[in-house]
Amino acid sequence: MVNHIVFWNFKPELTEQEREEAGKTIRQSLEAVREKAEGVISLEVRINELASSNKDIALISSFETVEALNAYQIHPDHVKAGSFVKTVTCDRACFDYEG
């Protein structure tokens, strides 16, 4: 199993309403890929609700194999979602591990 965790912050110029709308769009678009890409074990998007965090949004996902993760990353729906994510976020951090 391969775990894929990505964190972002919203761009500072976004209003609170824009952040809320962007978070919903990110969640819907990325979680929809879960049903379309092969080899996805789990995939969820979490939006920060606690002041103790230093990231605004997280993608937490698991894949059957490295190949499944690679296929997910180039899946057309993921690429489309990623294009939107890049317009509203900054400070991306990613951590992938097997286990």
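Here the structure is shown first, and the text comes after it.
Position numbers for residues start from 1 in each chain and track the written sequence from start to end. Local features in a predicted model are, by the rule used here, given only for residues with pLDDT of at least 70; side-chain atom pairs are given and counted only at 80 or more, and totals for whole chains, interfaces and linings are based on all residues. To obtain the side-chain values, all non-hydrogen atoms of the structure were included, while hydrogens and water were left out.

1. What to know about the nonpolar core
Most often, soluble globular proteins have nonpolar side chains that are buried together.
Alright, step 1. One finds Trp8, Ile26, Leu30, Leu59 and Tyr72 to be the most contacted residues of the largest nonpolar core, which totals 22 residues.
Alright, step 2. Working definition: helices are DSSP H or I runs of at least four residues, strands are E runs of at least two. Numbering for both runs from the N terminus. Counting residues per element, the ones that place at least two in this core are strand E1 (2-10), helix H1 (16-33), strand E2 (40-47), strand E3 (57-63), helix H2 (66-74) and helix H3 (76-88).
Alright, step 3. If we ignore the near neighbours within four places in the chain, the residues touching tryptophan 8 are Leu30, Lys55, Asp56, Ile57, Ala58, Leu59, Val85, Thr89, Cys90, Asp91 and Arg92. Grouping buried Ala, Val, Leu, Ile, Met, Phe, Trp, Tyr and Cys residues that are joined through side-chain atoms within 4.5 Å yields what is termed a nonpolar core. The buried label applies to any residue whose accessible area, calculated with a 1.4 Å probe on protein chains only, is under 20% of its type's maximum; exposed applies above 50%, and partly exposed to all values in between. Two residues qualify as a contact provided that any one of their heavy atoms is within 4.5 Å of a heavy atom in the partner residue.

2. Digging into the state of the cysteines
Such a bond, covalent and formed between the sulfur atoms of two cysteines, is termed a disulfide.
Alright, step 1. Put simply, a disulfide is two cysteine sulfurs that come within 2.5 Å. Within this structure, the stated rule accounts for 0 disulfides.
Alright, step 2. Summary of cysteine pairing: cysteine 90 is not part of a disulfide, and the nearest cysteine sulfur, belonging to cysteine 94, is at 16 Å.
Alright, step 3. What makes cysteine 94 partly exposed here is its relative accessible area of 36%.

3. Digging into the environment of isoleucine 57
Alright, step 1. When you line up the elements, isoleucine 57 lands in strand E3.
Alright, step 2. You can call isoleucine 57 buried: its relative accessible area is 1%.
Alright, step 3. Separated by 47 residues in sequence, isoleucine 57 and phenylalanine 10 place their C-alpha atoms 7.8 Å apart.
Alright, step 4. Beyond its immediate chain neighbours, meaning those up to four positions away, isoleucine 57 contacts Val6, Phe7, Trp8, Phe10, Gly23, Ile26, Val45, Arg46 and Ile47.

4. Some words on the packing of H1 against H3
Each pair of packed helices gets described by two things: the angle between the helix axes and the distance between those axes.
Alright, step 1. In contact at an axis separation of 9 Å, H1 and H3 are set at 160° when each is read in the N-to-C sense. Taken together, H1 and H3 sit at an angle that is classed as roughly antiparallel. Here H1 runs over H3; the crossing is left-handed. Contacts between H1 and H3 involve Ala22, Thr25, Ile26, Ser29, Leu30 and Val33 from the first element and Asp77, His78, Ala81, Phe84, Val85 and Val88 from the second.
Alright, step 2. Residue type decides the class: Asp, Glu, Lys and Arg count as charged, Ala, Val, Leu, Ile, Met, Phe, Trp, Tyr, Cys and Pro as nonpolar, and the leftover types, Gly among them, as polar. Split into classes, the residues belonging to the contact of H1 with H3 amount to 8 nonpolar, 3 polar and 1 charged. To obtain an axis, a line is fitted to C-alpha atoms, over the contacting stretch when the element is a helix, and the angle between two such axes runs from 0 to 180 degrees between their N-to-C directions. Orientation is classified from the angle alone, with under 35 degrees giving roughly parallel, over 145 giving roughly antiparallel, 65 to 115 giving roughly perpendicular, and any other angle giving oblique. The crossing is said to be left-handed when, going from far helix to near helix, the turn is anticlockwise and less than a right angle, and right-handed when the turn is clockwise.

5. Details of the pattern of salt bridges
Alright, step 1. Note on definitions: salt bridges are taken to be side-chain nitrogens of Lys or Arg within 4 Å of carboxyl oxygens of Asp or Glu. Inspection of every chain in the model, using the stated rule, returns 5 salt bridges.
Alright, step 2. Here lysine 24 makes a salt bridge to glutamate 20, at a shortest N to O gap of 3.6 Å. In this pair, lysine 24 and glutamate 20 both sit in helix H1, 4 residues apart, roughly one turn of the helix.
Alright, step 3. Judged by its relative accessible area of 49%, glutamate 20 falls in the partly exposed class.
Alright, step 4. We note a salt bridge from aspartate 77 to lysine 36, for which the minimum N-O separation is 3.0 Å. In this pair, aspartate 77 sits in helix H3 while lysine 36 sits in the loop between H1 and E2, placing the two residues 41 residues apart along the sequence.

These values are about where atoms sit, not about what they do.
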